[in-house]
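Structural features, examined
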Amino acid sequence: MPTFGPCYINFYGSTREYSDLPDEYEDLNLGKGEGVAYRGRALVELSTVLGELPELNIEDVSSDEILRTQKFLRRRKYKLHAAFMDASMLNAIDAPVEFEVSIGNYGNKLDENTPPCASTTQPTNALFDGCHYYFLPWGNTKPCVVVDSSWEDISFRLEALNLLLKITDNLEANIEQVKIGIKAKLPMPEIAQLLISLLDQLIQECRKKLPEPSPGRHVPNELDKLILSYRQGELDHIIELATKLKESATDVNEALSEVENFLQILKNLSQEPQNSMPDVVIWMISGEKRIAYKRIPANEILYSPNPDYIGRYCGQLQSIILKFPGLKVEKEKKFEVPALIRAKFWLGLNNEEEKWHQMQKEGDLAVYAETYENQVSLPIVGWSTKGPTMTRPKWSDSQGKIKLPKENFEPPPGWRWASEWYVSPELSMLYDKDAGHTQFLEDVYENQSRLPGGHWGEATRPWTDVKGDPLPPRSDITLPEGWEWEDDWQVDLSRAVDEEGFEYCVEQTIGGYGAVEKRYHLCRRRRWVRSRKMLEDMKKKKKKEKMVQAATEGWEYAPLFNMKFHAIERTMDLVRRRRWHRKMVAEKPGADCFFSLQFEDEDDKEEYAAAMTAPRMFLTFDKPFKYQLRAYIYQARDLLAGDESGLSDPYARCCFSTQSMVTEKIHKSLCPTWDQTLIFEEIEIFGDPRILEQQPPEVIVEIFDYDTFGCNEFLGRTKAQPMVKLDPSDARMPVLQWYDIKRGNEAGGELLAAFELFLVTGSDLPFLPPKKGDLFLVPNGIRPVMQRTGIEVLCWGVRNMKKFQLASVTSPSIEFECGGHVLETKVIKNTKKNPNFDEPLLFLDVMLPKEELYMPPVNIRVRDHRQFGRKPTVGIHILKSLEEFRCDPVRIQDADGSDGQDTNVKQTTAAVAAVVSGLEKLQSTGIVGNGPGGEHVIDMPVDTVKDEVDLVQDEDIDWWSKYYASLGGKENNKKCQKYLEKGFDKVKVYRKELEKTEDENFKEFSDFCHKFALQRGKDEEDEECDVVGEFKGSFRVYPLPPDPNEKIPDKVFQNIPPSAPEDCIVRVYVVRGIGFQPNDSSGLADPYIEIQIGKKKISDRDNYIPNSIEPVFGKMFEINTLLPVHKDLIVRVKDYDIISSDDVIGETVIDLENRYLSKHRATCGIPLTYCTSGINQWRDSQKPKEILEEYCRKNHLSGPLFYGNNSVKVGNKTYNLSDYETNKPSDPNIGPADERLALFVLNTFNIVKEHVETRPLFNPIQARNRTGQA
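Report follows, based on the coordinates. (Residues numbered from 1 in each chain as written. Predicted model: local features only at pLDDT ≥ 70, side-chain atom pairs only at ≥ 80, totals over all residues. Heavy atoms only, no water.)

Comments concerning helix H17 (residues 1184-1194)
Residues of H17 that are buried: Pro1184, Ile1187, Leu1188, Glu1190, Tyr1191, Cys1192 and Lys1194. Of the residues trailing H17, His1196 is marked for its positive phi of about 55°. (Buried < 20%, exposed > 50% of the residue type's maximum accessible area, 1.4 Å probe, protein only. Helix = DSSP H or I, 4+ residues; strand = E, 2+ residues; numbered from the N terminus.)

Examining the packing of helix H3 (residues 188-206) against helix H4 (residues 222-248)
Packing of H3 against H4 brings their axes to within 9 Å, and their N-to-C directions diverge by 155°. The pairing of H3 with H4 is recorded here as roughly antiparallel in orientation. At the point where H3 passes H4, the crossing takes the left-handed sense. Taking contact as the criterion, the partners of Ile196, Leu199, Asp200, Leu202, Ile203 and Cys206 in H3 are, on H4, Leu235, Ile238, Ile239, Ala242, Thr243, Leu245 and Lys246. Residues of the contact of H3 with H4, tallied by class, amount to ten nonpolar, one polar and two charged. (Axes fitted to C-alpha atoms, helices over the stretch in contact; angles between N-to-C directions. Parallel < 35°, antiparallel > 145°, perpendicular 65-115°, else oblique. Left-handed = near helix turned anticlockwise from the far one by under 90°. Contact = heavy atoms within 4.5 Å. Nonpolar A, V, L, I, M, F, W, Y, C, P; charged D, E, K, R; others polar.)

Observations concerning the sheet that holds strand E8 (residues 280-286)
Pairing in this open sheet of three strands is antiparallel, and the strands run E4-E8-E9 from one edge to the other. Both outer strands of the open sheet, strand E4 (97-103) and strand E9 (289-296), are each paired with one neighbouring strand and no more. Strand-to-strand twist across the sheet, computed as the mean angle between neighbouring axes with direction ignored, equals 20°. (Pairing = 2+ DSSP bridges.)

Comments concerning the environment of Asn1259
As for its position among the elements, Asn1259 is in strand E59 (residues 1256-1259). Apart from the residues within four sequence positions on either side, Asn1259 is in contact with Val1144, Ile1145, Gly1146, Arg1264, Asn1265 and Thr1267. In terms of polar contacts, Asn1259 uses its side chain to reach the backbone carbonyl oxygen of Val1144, at 3.2 Å. Only 3.0 Å separates the side chain of Asn1259 from the backbone nitrogen of Ile1261, close enough to count as a polar contact. (Polar contact = N/O pair within 3.5 Å; in protein donor to acceptor, adjacent residues only side chain to side chain.)

Here we look at the pairing of strand E48 (residues 1027-1039)
With eleven of its 13 residues buried, E48 lies for the most part within the structure. Both strand E39 (residues 786-799) and E48 contribute to a ladder of ten bridges, which runs antiparallel. Bridge assignment links Gly790 to a residue of E48, and that residue is Tyr1038. Both strand E47 (residues 1010-1015) and E48 contribute to a ladder of six bridges, which runs antiparallel. Paired with Leu1014 across the strands is Gly1029, a residue of E48.

Side note on the nonpolar core
Of all hydrophobic cores here, the largest spans 40 residues; its most connected members are Phe84, Leu90, Phe99 and Phe345. Those elements that place two or more of their residues in this core are strand E3 (75-88), E4, strand E7 (141-152), E8, E9 and strand E11 (340-349). Contact partners of Phe345, with chain neighbours within four places excluded, come to His81, Ala82, Val101, Ile282, Ile296, Ile301, Tyr313, Cys314, Gly315, Gln316, Gln318 and Ile320. Counting 31 residues, the second largest nonpolar core, distinct from the first, contains Val798, Ile814, Ile860 and Phe885. (Core = buried A, V, L, I, M, F, W, Y, C linked by side-chain atoms within 4.5 Å.)

Points about the sheet that holds strand E55 (residues 1201-1203)
With antiparallel pairing, the three strands of this open sheet are ordered in space as E55-E56-E57. A single partner strand is all that each edge strand has here, and the edge strands are E55 and strand E57 (1213-1216). Recorded for the sheet is a direction-independent mean angle of 25° between the axes of neighbouring strands. For E55 and strand E56 (residues 1207-1210), the ladder comprises three bridges, and the chain directions are antiparallel.

As for the packing of aromatic side chains
Enumeration over the complete set of coordinates arrives at 39 aromatic pairs. Positioned over the ring face of Trp738 is Arg637, at 3.7 Å from the centre of the ring. Positioned above the aromatic ring of Tyr964 is the side chain of Lys975, whose terminal nitrogen or guanidinium carbon lies 4.4 Å from the ring centre. (Phe/Tyr/Trp six-rings, centres within 6.5 Å; stacked < 30°, edge-to-face > 60°. Lys NZ or Arg CZ within 6 Å of the ring centre and 35° of its normal.)

Structural notes on helix H2 (residues 155-183)
In this model H2 runs 41 Å from its N-terminal to its C-terminal C-alpha over 29 residues, within 8% of the 42 Å that 1.5 Å per residue would give. Once H2 finishes, Lys185 follows within two positions and takes phi at roughly 55°, a positive value. (Expected span 1.5 Å × (residues − 1).)

Focus: the environment of Glu98
Among the secondary structure elements, Glu98 is positioned in strand E4. Expressed as a C-alpha distance, the spacing of Glu98 and Met284, which sit 186 residues apart in the sequence, is 6.0 Å. Other than its neighbours up to four places away in sequence, Glu98 contacts Lys109, Thr120, Thr121, Gln122, Pro123, Trp283, Met284, Ile285, Gly287 and Gln399. Here the side chain of Glu98 touches Lys109 through a polar contact of 3.0 Å, side chain to side chain.

Overview of the packing of H2 against H3
Following both chains from N to C, one finds H2 and H3 inclined at 175°, their axes separated by 10 Å at the closest point. On the basis of the axis angle, H2 is roughly antiparallel to H3. Within the contact between the two elements, H2 uses Ile167, Asn170, Leu171, Asn174, Ile175, Gln177, Val178, Gly181 and Ile182 and H3 uses Ile191, Leu194, Leu195, Leu198, Gln201, Leu202, Glu205 and Cys206. Residues of the contact of H2 with H3, tallied by class, amount to eleven nonpolar, five polar and one charged.

Rendered as structure tokens:
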């Protein structure tokens, strides 16, 4: 019975900052979206008791129950460690950035009830990376944090979860390897070997012991015991099935689907309902504002002495992309990355902390006491610690909130000082606001004010920055060393301003500037800008800045304490501060590390009664290693559309460590080929290169659509790991790979790229790739090998085009783009009269990659030609791969009459020829039984033309006897006893649609032309369905001679049938319905048939079948149509209602055009024997000999050559009638021998036989739910 607990349940919600105004993340407290902060926990127990219902719904918990739960509440001390290596991909941020790590309430800056701990990194100013993003310049001192916390010891639950997650991860990776092997078409023995080693590893891992609660340490509850036995049983079951599969598997695909079932079982087991350990939350904080966060489940970083039970990321360096809180991404389409951090996390018991320190082999872990010395500038006096502007204590923390005099620091118990106090300048102060830029736009605002009704004059702060903070006048702004002005000061007129560049508002502090002057406006301002560019090398500049910094004794300056600090003093600066550090070492392992400050002054004691502070921790490295990254960005395919035209102007931005670069823009393409190498020079990475080789930093590639106006639209992002080469002479070559691009949860195409990371050791790196203009190309050896390729396009027509911008698509043309080459068809004059192209054959001679993996896609774009020369794109289709259309070129026939064609080519030519002769035949002979050509319904009666000899037997035998005999089974055989005794022919009864039957391999009758669904391109909000039409056509791809002077082979597409519309008669035989969805309250329905093609409808409403969901219809419907104008035949089953309108039970759609054009001759199925009369009388418009002659002509087979009536030669094979008829047939209705022989030969070919197909019915309203079969 269901049971749970006693166990804590954790609650998460919005951020904990208090606000009088409504919280913008209030929805998170209601469970809408992922909670971003821990809000508390509740101790819960659930139990199911059989018997009577309780008298009271709610009652107090009894004291006995409270006592019983006490044993579950024992707490143990845990330590959470984090070391931050890099923080990059930050967007422009004004205030210094810090990261906070918390678990539960521990570590949260806002919580005053838990002891302080070093849970935040030091605030650091972000620095521009020279391209787009910002990063935090931590240099060789990487910030570390540690959080002390107390929780129940539930390690046995989390360790079991970790073990199951490891088994699941390994199995998933192994399945992926097998799938890659199948995709790469490895030999079957190799794939089988991969599968066997997968199963061996799975069996071995499932035999590992699940952790059990240890007495005295853990207290399990009822659910723990049940889960343990359930998991053990399931793992034993997997071992048993996997062993059996290993011994008996014969088919790789079947075995793989069985293994995927194991994976699903493991995923279901990898859930822990009683996880009372809260998630670890990382916050990025800028100034006072929380910007972005990430939640990490505690079990993923939990340490265990047993390596099988350790968390997958415990102590591992991982790249983490932070997220914006709330539903910003969905609501505001805010897809940019707030920050990317590389960090290590470790969570374990206090007594296991030594293991974390042992993991930090690469750097030196040091702990420092920290305080800031603050001063203000006073007239005459100079720098002082007193005065009206001194809003902070003389010594304080970085925020100025806590008083921290140097002399009041006492080492915590178990710690001692390891050095004296020294000035430790904050690293990001070495860089100015233009650091990283090679060009910089200096700007300053000129402010003016007036009294009501007065004239404009200088404001109290005449010159300020955009936020209103004072700056010197523009004439006093000096040019920094190493830069030169590009132009003079100019008024910025490219904004919402008047002719003089002024913008107006009522009050400067309120803002709300507008471009038009009103009488009530009392303030105005204008922006002056001046561009400067860098002359000097960046390295020299950095060195010089460091020298300047050393000379300033570590002081940082700012106009006011709450503003951004900088290293070099400016005229407007009124305050300054500097950072002091003092190193500490632990004498006692695991000792608490926070200071309780001692105050001697009574006033101070009252004001700072609870002054407690935590030290700073750093991981210091001796020197960085220098690397060079080469990013080979070759091409992308199937990108999202960024413009209304259904296309994009894409470029890629590549980010690695603290640098980013962009590729060139490609205009109007969803499948751009950049063919560009981006070279990242002098990347400094700290830590052992051998460890970096195992876990290299990720390369992030983002794709954007360039827009001339407004900001560029984000199209998607992907991650990749570079191939690391510690020796530049390493001969390995990276391989271009397809990486999936994602925009949020939406698939955004694929990127073909490769990445190499070289350690710069002093020896020569490989030569730079060749250049094209200023850009580096992808070098040979990495770029795909190209070959001259011919692409034949059969552009047959368009179908079912939906309206675009409220107007019908009547005059379309199609553009085909592949490998940068574009082909355009002629325009269809009017799709309502003929939706086919007059000249359907196009040919493209292009250079394409030899390997299928690198083949560029084909972009199919349909444009409609409208008035005033407008040509909007009304539909696009991206054909990702041309592999199924590859064939060998047509060769000249050999002397023996055979030719060297590939079967694919033969099939194509055959299909084409079949259509031509079929059309001619129909035009000349018409169809048997074709009367005036109206639409009507006919019951399927007993055959009326009876031979006198068979008069008696024919009364008991009809078409239904044949049908039931074909179905088989005892019940059906009783209905057709006489028919079975006679041994007459049976028909094929397919259990699914004819075009989808696997045995016959008809491939949806797409041998002549395929159907490609067209999409609209950029998502339109009002589009109900993605598909806006179809393109009918096909392709043939084959290599061409490399020498352009050599003759190219004959075309594969030959003898194309005329594309003019054809009048056809369609006969639909509806036999019966199976398992209809009930539509009446009785649980039954009153079904009847409706046939529709184009605007023509035949309804058999008068002959509805009452109260049946398994009706027998037995109806034949005849209807005329014009192919391909109306090609989709709809067979609809409706429910008869007397009062309300009739409901649709379901419908099925049949593409008549595909059946008409197919080489499989799907117009009328051929029977097994040729009878001139009787129940199995021949009913086709052509006789077997005619059909055989036509088949030979279409398939380039010689013959048929008849030797008398009993032998025929088709191609190189001779068929004899005696091979098929051992005894003379007893049926008196049988036809002539030569026709019988022709029919026997036809039955050996893959053409449609006489059949009944079973088609599923779908209700279009019920999201395509299956509602029965017909």
